[in-house]
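Notes for the structure review
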Amino acid sequence: MPANLTPEYYKAEEWFKSASTNQEKILALERMLAVMPKHKGTDHLKADLRRKLSKLKEVATQKKGGSHVDIFHVPRSGAGQIVLLGTPNCGKSSIVAAMTNAKANVADFPFATSSPVPGMVTFEDIQIQLVDMPPVTADYIAPGQVGTYRNCDMIAIVIDLSGDIQEQMKVCMDFLESRSLLIDSETPAFDDQGNSLGKKVFVICTKADIAKDGALEKLKKTCERNFEFIEISAETGAGLENLSAKFFEMLRIIRIYAKPPGKPADMTEPFTLPVGSTVMDLATDIHRQLAEKLKSAKIWGTGVYDGQNVQRTHVLNDKDIIELHFS
Ligand SMILES: Nc1nc2c(ncn2[C@@H]2O[C@H](COP(=O)(O)OP(=O)(O)O)[C@@H](O)[C@H]2O)c(=O)[nH]1
Ligand SMILES: [Mg+2]
């Protein structure tokens, strides 16, 4: 009996083949099993995939990660990591080159970038990591590439406004949807084992200086998701300042300045924490063991009077200054 597999299944299978980590292979196999048509013709295949899956899960519990060097693993640095996604020549490397000191390889031929290139974007007094990537196309995605996206804080789709916007968006969305990288009703931010799954996504619309008339409006209208769109030109620099502010806003982080008792606060290197963090979260971030000894905290900032004593559970705001007292 023929298996009559669906396009959805073949997409998941392609994901499995391009996965380089066990975690990614497990996700892909689970997807293959979930979308596989259920009838007699697929019984053998189902049993085979289940065997593969349980073997992978066994290995995953024995040891975390492999010993080989993964070029697609980009260690996090700064207040957050944003990874670019786009088709060849859409302008990814130019954005990283314009906003950071990284030596991103700008070229007018496709596939000039073959591995991730991270750079640091300065927003006011913090640094945000921006990662240049090899392109995605309808028929080629480098094995392991999905790993970089899986481990970042946010994905930025890059669309060349002078090119075929529909086609570029389709390739990017196919990639994100088929790899379960978008947060939606089916894909949470984390799976039940705490592994990272869905990502926040927004769209950088670049080459505004040579955009086709009405390209941005058309893109907004045809995109089914409720993404934010930010228009820039890496060539003229238009919109880049706004873009780094957007990075900060969308990462949903706050900056907190620590003040040693009796001394002025260190206003040069803020701690960065997720929006909603408390005094205790800050203390834990500074020193896990010391945090247990937190006795009291004084605060200068939003919604409090200067030097107000606050509880461990007090929710912090961006740019608050905190003095922690330990017993
Ligand atoms: N006019 C214009 N050209 C751009 C802009 N950004 C990139 N380019 C050009 O587009 C080509 C591809 O850029 P690149 O950043 O290497 O694209 P990537 O393949 O996505 O990394 C290069 O020739 C760039 O000079 C822009 O904002 N305006
Ligand atoms: Mg490039």
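All values derive from a computational prediction rather than experimental measurement. (Residues numbered from 1 in each chain as written. Chains lettered and ligands numbered in written order. Predicted model: local features only at pLDDT ≥ 70, side-chain atom pairs only at ≥ 80, totals over all residues.)

A word on the overall build of the chain
Quick note on the threshold: For the purposes of this entry, the term helix denotes a DSSP run of H or I that reaches at least four residues, the term strand denotes a run of E that reaches at least two, and both are numbered from the N terminus. Put simply, a residue is buried when 20 or more other C-beta atoms lie within 10 Å of its own C-beta and exposed when 12 or fewer do; between those, it is partly exposed, and each C-beta is set from the backbone. Our contact criterion uses C-beta atoms placed from the backbone: two residues qualify when those atoms are within 7 Å.
Looking only at helices and strands, the chain features 10 helices and 11 strands. Classification of the 327 residues of the chain by burial places 35% in the buried group. Considering only contacts in the chain between residues 6 or more positions apart, those separated by 24 or more positions represent 63%.

Considering helix H2 (residues 22-35)
To keep it simple, the criterion reads: Helix span, expected: 1.5 Å multiplied by one less than the number of residues in the helix.
The end-to-end C-alpha separation of H2 is 20 Å, in line with the 20 Å expected for 14 residues at 1.5 Å each. Listing the buried residues of H2 in full gives Gln23, Lys25, Ile26, Leu27, Ala28, Leu29, Arg31 and Met32. In this structure, the buried side of H2 is in contact with helix H1 (7-18) and helix H3 (43-62).

Some points on the environment of leucine 182
Secondary-structure assignment places leucine 182 in the loop between helix H6 (165-178) and strand E5 (200-206). When the C-alpha positions of leucine 182 and lysine 246 are compared, they lie 19 Å apart, and in sequence the two are 64 residues distant. Not counting residues up to four positions away in its chain, the partners in contact with leucine 182 are Leu176, Glu177, Thr187, Gly198, Lys199 and Val201.

Observations concerning the sheet that holds strand E6 (residues 229-231)
Inclusion rule: Paired strands, as defined in this entry, are two strands with at least two bridges between them according to DSSP. Between the N-to-C directions of two axes lies an angle of 0 to 180 degrees, each axis being a line fitted to C-alpha atoms and, for a helix, fitted only over the stretch in contact.
The six strands are arranged E2-E3-E1-E4-E5-E6 in an open sheet whose pairing can be described as mixed. Bordering the open sheet on either side are strand E2 (117-123) and E6, each of which pairs with just one other strand. Direction aside, neighbouring strands of the sheet carry axes that sit 30° apart on average. As judged from the four bridges shared by strand E1 (residues 81-85) and strand E4 (residues 154-160), these two strands associate in the parallel manner. Bridge pairing in E4 places leucine 84 opposite alanine 156. Lying over the sheet, helix H7 (residues 215-222) contacts E4, E5 and E6, oriented at roughly 170° with respect to E6. Strands E1, E2, strand E3 (126-132), E4, E5 and E6 of the sheet are contacted by helix H8 (residues 240-251), whose axis makes an angle of about 95° with E2.

As for the nonpolar core
This is how it is decided: Buried Ala, Val, Leu, Ile, Met, Phe, Trp, Tyr and Cys residues whose C-beta atoms connect them within 7 Å together make up a nonpolar core.
In this structure, Leu85, Ile128 and Ile159 are the most contacted members of the largest nonpolar core, which totals 73 residues. Per-element accounting of this core gives the leading share, six residues, to H6.

Structural notes on the packing of H1 against H2
As a reminder of what qualifies: Note on terminology: angles under 35 degrees are roughly parallel, angles over 145 are roughly antiparallel, angles of 65 to 115 are roughly perpendicular, and the others are oblique. Handedness of a crossing follows from how the near helix is turned relative to the far one, being left-handed for an anticlockwise turn of less than a right angle and right-handed for a clockwise one. Note that Gly is not counted as nonpolar here; it falls among the polar residues with everything else outside the nonpolar set of Ala, Val, Leu, Ile, Met, Phe, Trp, Tyr, Cys and Pro and the charged set of Asp, Glu, Lys and Arg.
Following both chains from N to C, one finds H1 and H2 inclined at 165°, their axes separated by 8 Å at the closest point. Put simply, H1 runs roughly antiparallel to H2. As H1 runs across H2, the sense of the crossing is left-handed. Between H1, through Glu8, Tyr9, Ala12, Glu13, Trp15 and Phe16, and H2, the contact on the second element is made entirely by Lys25, Ala28, Leu29, Arg31, Met32 and Val35. A class-by-class count of the residues in the contact of H1 with H2 yields eight nonpolar, no polar and four charged.

In short, the description is geometric, and any link to function would need to be established separately.
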